[in-house]
Amino acid sequence: MSSRKRVYSKAFLELGFTFIVDKGIQKPQCVVCNAILCKESMKDDRLKLIPLSNNTIRRRIDELSNDIKDQLISRVKNSGIFAIQLDETTDVASAAQLMVYIRYKGEMDIEEDLLMCSPLEATTKGVDVFLKVDAFFKETRCATRMENCVGVTTDGSPSMLGVHSGFLAHVKKENPSVLATHCIIHRHALAVKNLQPDLEEVMSDVTV
């Protein structure tokens, strides 16, 4: 048996592998899934035999994404109650995207994560936003209904805070006790629109 030491080569990075040192021994580690292989994998270009096609990489990224999502849903379920913050944004293709952040009780402290980002295919009315969020909760079984939601933070647009047809109105039909909050960043943005000239000059200097 050969006693030649297997040493990491920079060429392995082109194959999608870096390395870690385990008890003084270099072992290849995949940069996509963090899997650690045995030191013999660096022998005779064996790393080249590992499939790293575009489809393989995409499948591994999807698996990692789904695993992160499942872990988040599990933590939210264990929390029991949660609060959400949501807003609409427009991507580079001028398509409307709905982004939802969730805050929940973790094992040690209150935690916050990006819950979902989903396109709004038709319109951006309050009912469209509600159906999108409600469908996500039911699909992932994170919450069967909105009764576990104790707080909602949005901007002040009618589609969000409208009394009769806004997103919040639909949430309150499911959970009348939910606490609504107007996002403080949006409130600041509205406040600075009518500043006195000297204050506006200061804000202009700060934001340039």
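Our structure's up above, just so we're on the same page.
Figured I'd write up the structure that's included with this text. (Residues numbered from 1 in each chain as written. Predicted model: local features only at pLDDT ≥ 70, side-chain atom pairs only at ≥ 80, totals over all residues. Heavy atoms only, no water.)

Quick word on the overall build of the chain
When helices and strands are tallied, the chain shows six helices and seven strands. The contacts in the chain between residues at least 6 apart in sequence include a share of 46% that link residues at least 24 apart. (Helix = DSSP H or I, 4+ residues; strand = E, 2+ residues; numbered from the N terminus. Contact = heavy atoms within 4.5 Å.)

So, the pairing of strand β5 (residues 110–119)
Bridge count between strand β4 (residues 96–105) and β5: nine bridges; the pairing is antiparallel. Across the sheet, Arg103 pairs through a bridge with Glu112, a residue of β5. The hairpin formed by β4 and β5 contains four residues between the paired strands. (Pairing = 2+ DSSP bridges.)

Some thoughts on the pairing of strand β2 (residues 25–30)
Pairing of strand β1 (residues 17–22) with β2 involves six bridges; the strand directions are antiparallel. Opposite Asp22, over in β2, you have Ile25 as the bridge partner. Once β1 ends, the chain turns through two residues before running back antiparallel as β2, passing Lys23 with a positive phi of about 55 degrees.

Things to note about the pattern of salt bridges
For the structure shown, the criterion picks out five salt bridges. Across the pair Glu112 and Arg103 runs a salt bridge, and its minimum N-O distance is 2.5 Å. Across the pair Asp134 and Lys138 runs a salt bridge whose closest N-O atoms are separated by 3.1 Å. Within this pair, Asp134 and its partner Lys138 are both found in helix α2 (residues 126–140), separated by four residues, close to a single helical turn. (Salt bridge = Lys/Arg side-chain N within 4 Å of Asp/Glu carboxyl O.)

Looking at the sheet that holds strand β7 (residues 179–182)
Within the open sheet, the five strands sit side by side as β5-β4-β3-β6-β7. Their pairing is mixed. Either end of the sheet is taken by a strand with one partner, and the two such strands are β5 and β7. Sheet twist, expressed as the average angle between the axes of neighbouring strands with direction ignored, equals 20 degrees. The pairing of strand β3 (residues 82–90) with strand β6 (residues 149–154) spans four bridges and is parallel. (Axes fitted to C-alpha atoms, helices over the stretch in contact; angles between N-to-C directions.)

Comments concerning the packing of α2 against helix α4 (residues 167–174)
Taken N-terminus to C-terminus, the directions of α2 and α4 make an angle of 50 degrees; their axes are 7 Å apart at the nearest point. Here α2 lies oblique to α4, going by the angle between them. From α2, Gly126, Val127, Val129, Phe130 and Val133 reach across to α4, where they touch Phe167, His170, Val171 and Glu174. Classifying every residue of the contact of α2 with α4 by side-chain character gives six nonpolar, two polar and one charged. (Parallel < 35°, antiparallel > 145°, perpendicular 65-115°, else oblique. Nonpolar A, V, L, I, M, F, W, Y, C, P; charged D, E, K, R; others polar.)

Any link to function would need more than the numbers given here.
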